[in-house]
Protein chains: 2
Amino acid sequence: MASPQPHGTSAEAEHRTEHQRHHAQHQARSVADHAAAVTALLEPLHSVHRTEKLPLADALGRGLVADVRAALSLPPFANSQMDGYAIRSVDVPDGGAELGIMPPVPAGASPAPLQPGMAAPIMTGAMLPAGADAVVPIERAVPDRFLPAAAQAKEHATVWLPPAAAGTFVRAAGSDVQAGATALAADTFLGPAQLGLLAALGIPDVTVYQAVTILLVTTGDEVVEPGRELPPGKIFDSNGTLLEAAMKQAGLHVRRAGIATDNPDALRTLLREEGAGTDLIVTTGGVSQGAYEVVRQAMADQPVEFLHVAMQPGGPQGIGTFEGRPFLGFPGNPVSCLVSFEMFLRPVLAALLGAPAPRLPVRARLSQPLTSPGHKHQVRRGTLKADGTVELQGGESSHLMHALAGSNVLVHVPEGVAVLAAGAEVEVWML
Amino acid sequence: MASPQPHGTSAEAEHRTEHQRHHAQHQARSVADHAAAVTALLEPLHSVHRTEKLPLADALGRGLVADVRAALSLPPFANSQMDGYAIRSVDVPDGGAELGIMPPVPAGASPAPLQPGMAAPIMTGAMLPAGADAVVPIERAVPDRFLPAAAQAKEHATVWLPPAAAGTFVRAAGSDVQAGATALAADTFLGPAQLGLLAALGIPDVTVYQAVTILLVTTGDEVVEPGRELPPGKIFDSNGTLLEAAMKQAGLHVRRAGIATDNPDALRTLLREEGAGTDLIVTTGGVSQGAYEVVRQAMADQPVEFLHVAMQPGGPQGIGTFEGRPFLGFPGNPVSCLVSFEMFLRPVLAALLGAPAPRLPVRARLSQPLTSPGHKHQVRRGTLKADGTVELQGGESSHLMHALAGSNVLVHVPEGVAVLAAGAEVEVWML
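Please read these numbers as outputs of a predicted model, since none were measured by experiment. Per-chain numbering applies: the sequence of each chain, read as written, is numbered from 1 onward. Labels follow written order: the first chain is A, the first ligand is 1, and so on. Reporting in this predicted model follows two pLDDT cut-offs: at least 70 for local features of residues, and 80 or more for side-chain atom pairs to be given and counted; totals over whole chains, interfaces and linings ignore these cut-offs and use all residues. The side-chain figures draw on all heavy atoms in the structure; neither hydrogens nor water molecules are used.

## A word on the packing of aromatic side chains
All names here are of chain A.
No. 1: Only rings of Phe, Tyr and Trp enter the pairing, Trp through its six-membered ring, and a pair is recorded when the two centres are within 6.5 Å. The plane angle decides the type: under 30 degrees is stacked, over 60 is edge-to-face, the rest tilted. Using the criterion set out here, one finds 2 aromatic pairs over all chains in the structure.
No. 2: Each ring, one from Tyr-85 and one from Phe-146, has its centre 5.7 Å from the other, and the planes form 55 degrees; the classification is tilted. Of the two residues, Tyr-85 sits in strand β4 (residues 84–87) while Phe-146 sits in the loop between β7 (134–137) and α3 (149–153), which places them 61 residues apart along the sequence. An identical accessibility class is assigned to Tyr-85 and Phe-146; each is buried. Counting from the N terminus, the helices are DSSP H or I runs at least four residues long and the strands are E runs at least two residues long. Between buried and exposed lies partly exposed: a residue is buried under 20% and exposed over 50% of the maximum accessible area for its type, with that area taken using a 1.4 Å probe on protein chains only.

## Structural notes on the interface of chain B and chain A
No. 1: Residue contacts are defined here by distance: any two heavy atoms, one from each residue, within 4.5 Å place the two residues in contact. With 97 residues of chain B at the interface, the matching set in chain A holds 97 residues.
No. 2: A 3.5 Å cut-off defines polar contacts: any pair of N or O atoms within that distance qualifies, except that in protein one atom must be a possible hydrogen donor and the other a possible acceptor, and neighbouring residues in sequence count only when both atoms are side-chain atoms. The tally of links from chain B across to chain A stands at 14 residue pairs in polar contact (both at pLDDT 80 or more).
No. 3: Elements with a contribution of two residues or more to the side of chain B that touches chain A: α1 (11–26), β10 (182–184), α4 (192–200), β14 (235–236), α5 (239–249), β21 (361–366) and α9 (401–405) of chain B.
No. 4: Ranked by residues supplied to the side of chain B that touches chain A, first place goes to α4(B) with 8 residues.
No. 5: Any residue that is not Ala, Val, Leu, Ile, Met, Phe, Trp, Tyr, Cys, Pro, Asp, Glu, Lys or Arg is counted as polar, Gly included; the first ten are nonpolar and the last four charged. In terms of residue class, the side of chain B that touches chain A is built from 52 nonpolar, 27 polar and 18 charged.

## Some thoughts on the relation of the copies chain B and chain A
The operation linking the two copies of the chain is a rotation about an axis combined with a translation along the axis.
No. 1: Least squares is the method used to superpose the copies, on C-alpha atoms of residues holding a pLDDT of at least 70 in both. Expressed as a screw operation, the relation of chain B to chain A combines 0.0 Å of axial shift with a rotation of 180 degrees, fitting to an RMSD of 0.1 Å. Within this description, the copies of the chain are treated as partners about a two-fold rotation axis.
No. 2: Interface overlap between copies is the fraction of interface residues in one copy that are interface residues in the other; for chain B against chain A it reaches 100%, indicating a shared surface.

## So, the pairing of strand β24 (residues 389–392) of chain B
On a regular strand, each side chain points to the face opposite its neighbour's, so the side chains alternate between the two faces of the sheet.
All names here are of chain B.
No. 1: Two strands qualify as a pair provided that DSSP identifies no fewer than 2 bridges between them. Taken together, the 2 bridges between β21 and β24 define a ladder with parallel strand orientation. Across the sheet, Arg-365 pairs through a bridge with Thr-389, a residue of β24.
No. 2: Strand direction decides the pairing type here: strand β23 (residues 377–384) and β24, joined by 3 bridges, are antiparallel. Of the residues in β24, the one forming a bridge with Leu-384 is Val-390.

## Some points on helix α4 (residues 192–200) of chain A
All names here are of chain A.
No. 1: Counting buried residues along α4, 9 of its 9 residues qualify, which places the element largely inside the surrounding structure.
No. 2: Turning to α4, its buried residues number three or more, namely Pro-192, Ala-193, Gln-194, Leu-195, Gly-196, Leu-197, Leu-198, Ala-199 and Ala-200.
No. 3: Looking one or two residues past α4, Gly-202 carries a phi angle of roughly 85 degrees, positive in sign.

## Comments concerning the nonpolar core
No. 1: To qualify as a nonpolar core, a set must consist of buried Ala, Val, Leu, Ile, Met, Phe, Trp, Tyr and Cys residues joined through side-chain atoms within 4.5 Å. In terms of nonpolar packing, the biggest core is built from 69 residues, with B:Leu42, B:Val282 and B:Leu345 touching the most fellow members.
No. 2: Ranked by residues supplied to this core, first place goes to helix α8 (residues 334–353) of chain B with 12 residues.
No. 3: For the domain bounds, the source is a domain assignment made automatically or taken from a database. For this core, the domains that each give at least three residues are domain 1 (11–51 + 210–353) and domain 3 (361–430) of chain B.
No. 4: With near-sequence residues (within four places) excluded, B:Val282 lies in contact with B:Ile214, B:Leu215, B:Leu216, B:Val217, B:Leu243, B:Met247, B:Leu328, B:Phe330 and B:Leu345.
No. 5: Ranked by size, the runner-up nonpolar core spans 67 residues in total, among them A:Leu243, B:Leu56, B:Leu72 and B:Leu195.

## As for the side chain of B:His399
No. 1: Counting through the fold element by element, B:His399 comes out in the loop between β24 and α9.
No. 2: Accessibility expressed as a relative area gives 13% for B:His399, which makes it buried.
No. 3: In terms of polar contacts, B:His399 uses its side chain to reach the side chain of A:Ser175, at 3.3 Å.
No. 4: Not counting residues up to four positions away in its chain, the partners in contact with B:His399 are A:Pro75, A:Arg171, A:Ser175, A:Asp176 and B:Asn333.

## Side note on the environment of B:Gly258
All names here are of chain B.
No. 1: Tracing the backbone through its elements, the reader meets Gly-258 in strand β15 (residues 253–260).
No. 2: Taking C-alpha positions, Gly-258 is 6.5 Å from Thr-218, a pair spaced 40 residues apart along the chain.
No. 3: For Gly-258, the residues in contact, after removing those within four places along its chain, are Val-217, Thr-218 and Glu-225.

## Focus on unusual backbone geometry
No. 1: A cis geometry characterises the amide bond from A:Gln312 onward to A:Pro313, with omega recorded as -5 degrees.
No. 2: Residue placement: A:Pro313 occurs in the loop between β18 (311–312) and β19 (316–322).
No. 3: Each neighbour pair has its own omega, and for B:Leu74 with B:Pro75 the value is -10 degrees, a cis peptide bond.
No. 4: You will see that B:Asp187, though not glycine, has its phi angle at about 75 degrees, which is positive.
No. 5: On the secondary structure map, B:Asp187 appears in the loop between β10 and α4.
No. 6: You can call B:Asp187 partly exposed: its relative accessible area is 30%.
No. 7: The phi dihedral of B:Glu323 is positive, around 50 degrees, even though this residue is not glycine.
No. 8: Secondary-structure assignment places B:Glu323 in the loop between β19 (316–322) and β20 (325–330).
No. 9: The class of B:Glu323 is partly exposed, set by a relative accessible area of 42%.

## Examining the packing of α5(B) against α8(B)
All names here are of chain B.
No. 1: Fitted lines through C-alpha atoms give the axes, limited to the stretch in contact for helices. The angle between two N-to-C directions lies from 0 to 180 degrees. Running from amino to carboxyl end, α5 crosses α8 at an angle of 25 degrees, the nearest separation of the two axes being 9 Å. When the axes of α5 and α8 are compared, the pair comes out roughly parallel. Judged by the sense of rotation from one axis to the other, the crossing of α5 with α8 is right-handed. Together, Asn-239, Leu-242, Leu-243, Ala-246 and Met-247 of α5 and Pro-334, Cys-337, Leu-338, Phe-341 and Leu-345 of α8 make up the contact between the two elements.
No. 2: For the contact of α5 with α8, the per-class residue count stands at 9 nonpolar, 1 polar and no charged. Working definition: roughly parallel below 35 degrees, roughly antiparallel above 145 degrees, roughly perpendicular at 65 to 115 degrees, and oblique for all remaining angles. What makes a crossing left-handed is the near helix being turned counterclockwise from the far one by less than a right angle; a clockwise turn instead makes it right-handed.

## Focus on the sheet that holds strand β6 (residues 118–122) of chain B
All names here are of chain B.
No. 1: Strand order in the open sheet made by the 5 strands is β7-β4-β6-β5-β8, with mixed pairing throughout. One side of each edge strand has no neighbouring strand; the edge strands of this open sheet are β7 (134–137) and β8 (158–161). Between one strand axis and the next, the sheet turns by 40 degrees as a mean value, whatever way the strands run.
No. 2: Relative to β6, strand β4 (residues 84–87) runs antiparallel, the two sharing 3 bridges. Across the sheet, Gly-84 pairs through a bridge with Ile-122, a residue of β6.

## What about the sheet that holds β19(B)?
Residue and element names in this part refer to chain B.
No. 1: Pairing is mixed in the open sheet, where 6 strands are placed in the order β15-β12-β16-β20-β19-β17. Edge strands, defined here as strands with exactly one partner in the open sheet, are β15 and β17 (304–308). Pairwise comparison of adjacent strand axes, ignoring direction, gives a mean angle of 15 degrees for this sheet.
No. 2: In terms of strand pairing, β17 meets β19 through 5 bridges, oriented antiparallel.

## Side note on the domain arrangement of chain A
All names here are of chain A.
No. 1: Assigned domains of chain A: these are domain 1 (11–51 + 210–353), domain 2 (79–171) and domain 3 (361–430).
No. 2: The gap between the C-alpha centroids of domain 1 and domain 3 is 25 Å.
No. 3: The partner domain 3 presents 17 residues to the 17 residues of domain 1 that form the contact.
No. 4: Computed with a 1.4 Å rolling probe, the buried area is the accessible surface lost when two parts are put together, summed over both parts. Both sides of the domain 1 and domain 3 interface together cover about 1400 Å² of buried area, and 68% of this is carbon and sulfur.
No. 5: It is Gln-312, Val-335 and Met-343 that lose the most area in domain 1 upon contact with domain 3, and together they represent 42% of the buried surface on that side.
No. 6: Each reported salt bridge corresponds to a side-chain nitrogen of Lys or Arg within 4 Å of a carboxyl oxygen of Asp or Glu. Linking domain 1 with domain 3 are 0 salt bridges, by the criterion used here.
No. 7: Our enumeration of links across domain 1 and domain 3 arrives at 4 residue pairs in polar contact (both at pLDDT 80 or more).

## Notes on the packing of helix α5 (residues 239–249) of chain A against α4(B)
No. 1: Close contact between α5(A) and α4(B) brings their axes to 8 Å; oriented N to C, the two are set at 160 degrees. In terms of axis orientation, α5(A) runs roughly antiparallel to α4(B). The crossing of α5(A) and α4(B) is right-handed. Taking contact as the criterion, the partners of A:Thr241, A:Leu242, A:Ala245, A:Ala246 and A:Gln249 in α5(A) are, on α4(B), B:Pro192, B:Ala193, B:Leu195, B:Gly196 and B:Ala199.
No. 2: Looking at the contact of α5(A) with α4(B) residue by residue, the class counts come to 7 nonpolar, 3 polar and no charged.

In structure tokens, the structure reads:
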């Protein structure tokens, strides 16, 4: 284990810094390549040993482990789409017909077969009697209301009905999903609609990937816990709150270990003790090419790579393992942290474990021009309007927390694009 | 209290049904008017008596009660955007200059003033020394790396620097937010970025509206709990799972009271007992014009209105109070339930309490034509693609749970529009 470096005094650290700057300038890794590296790091989480069976009510926000086949069709039986009369379509000629009335069919009943020349009062969702193939809505019947049971019980109660083609106002069995079909594919994100579908299929519990637990550590001599006194030169820690909330909102479990100061030994001890039982360590700060990079120093003897991703903000990144545990080192500015999470952690976990839900890319038109470093993928913050335009919030700088808080989208400017005019179409991700 | 109506046998119920059908056909309430009615019903939740002060880590997904003013500027002090040298811009003429080197300024330090003719090594985020007004990145310096402290301690250590205009690579104090300004407005939804901003301002806890607790009851003789045996004519209850998940995902607290059968007295007892302590009762099913509408029957002596909203699906709605407690009766089909939640409950609560987050409207182009009842606001389900087109999933029928589970947006076709061509622009809400 390397001994901690006094601030900026070691020629070896100098050399490393120089080497890394060279690397950063000339061999910045593409966003896609870094995402692939994060995928390789976290691939072991995609394991049958990390699954659990949960009741539907507890499975919200998890990813499905295996395909789910429909054991029954939906709807399970042909049923009525309206309150009305179930008929055999052949019983009613073009001019309409007067039909006898059978006992009414409420939803949930298993009705007797429809006799030829008869009509059965039927409620929305009720099973179509055998023989019936169409429903005439009550509004089109004469009389246009259901007879009281007493009246109907009289012999020869009849109703006049207009014709209806076979299938009219009938929800056919299997019209939503057929028994035996794949209802949900493996790795599907389980939101309300997917859980509702499982319930409709009669499935009470579901096998999902376990939630990922992350140890989140903010580093830096300059950051102070909110609520404390703020000495000159220091700033309040927003990275911890921001990332913890983003991770929790994404369904991840977060263990916070407060703020680590710029002492590499103390940071190593903290990661060792607090990291136990977690799936991933995420730090913020201490990964760039300055002289006081505590995370770099703490990881000196670990298989951790510090590199520059061709992305703005969020370029400096650390990736590897700390004593065998997956580790990601995000940069120290809040916007960089959020962008790192959205660009690397969310999509990679979504692809591996079906959760969290990936961001849905949307097209929008810039309401103002922008410039971007052509050799980097730039991620700006903006407000998407109802008219499909996006207004940039704040500049490209990664410290603009207030501008981020006023944004509802991330705006992507791909590598190779240096200028975009007002009105240009961009991809945005809704936050 | 009205005695329960035997199924479809009462002349009085007949009359009411007839009256209501008339109402539904000729006086359907607009979506906006119904949303206003729901707002009036839930307005009492917007109260100082329903607020609480929470640590930031517990406030995710809540709405802010009052404006938050910034007690400090962000950044609190001018700081460096790069690792480099802090200079007085006037000290470096067009051709560059050799400057003496002061002690380095790490992030978090409160540096001594910059002496004229000197440069201070400075790290990203570190406070600019008094007198300094620009930063030259280390890459542009000669030498282009920081000197070891030992070398620097030698007298007359110097660095050659190119010129830099005042403000270059400096993050000015207050460039993100000025002390005294409104950082967040009342009723703001507290997501990760908003909580991160509060942390950056040093605020450790925040006053938010209490979470809304909903009693959710699925009604109908035809619905069976998932996992049970399914008798002929019955279907599994998906409404309960779907709505519970949608409500939880929106940060609402949900109490499930299982499935109420079509006995109005039993439903009343259940609502009375399970509703205690909840802010709102939501039922599904039993609100339309059929002969067996248990929710209508249970509410017969309550100030509850059953009406038709000019919306497809989700037209039949109940609204009022049950023994003084706010009540909403959603229709019985799952898609109708979700649409009711998204059209009425989510936006109304968002407007009253700042949470849940409202859906962000996005423009998309239809990849296929559609038809809609011109006198209703139609809500279709679809899949939004990266190219900005939306593909409709399933038809307009409200029973298509599998199609809903394959969708990522709701597609809005406003009242007054009966046909849209492929390529037409529509408003979609991302789910």
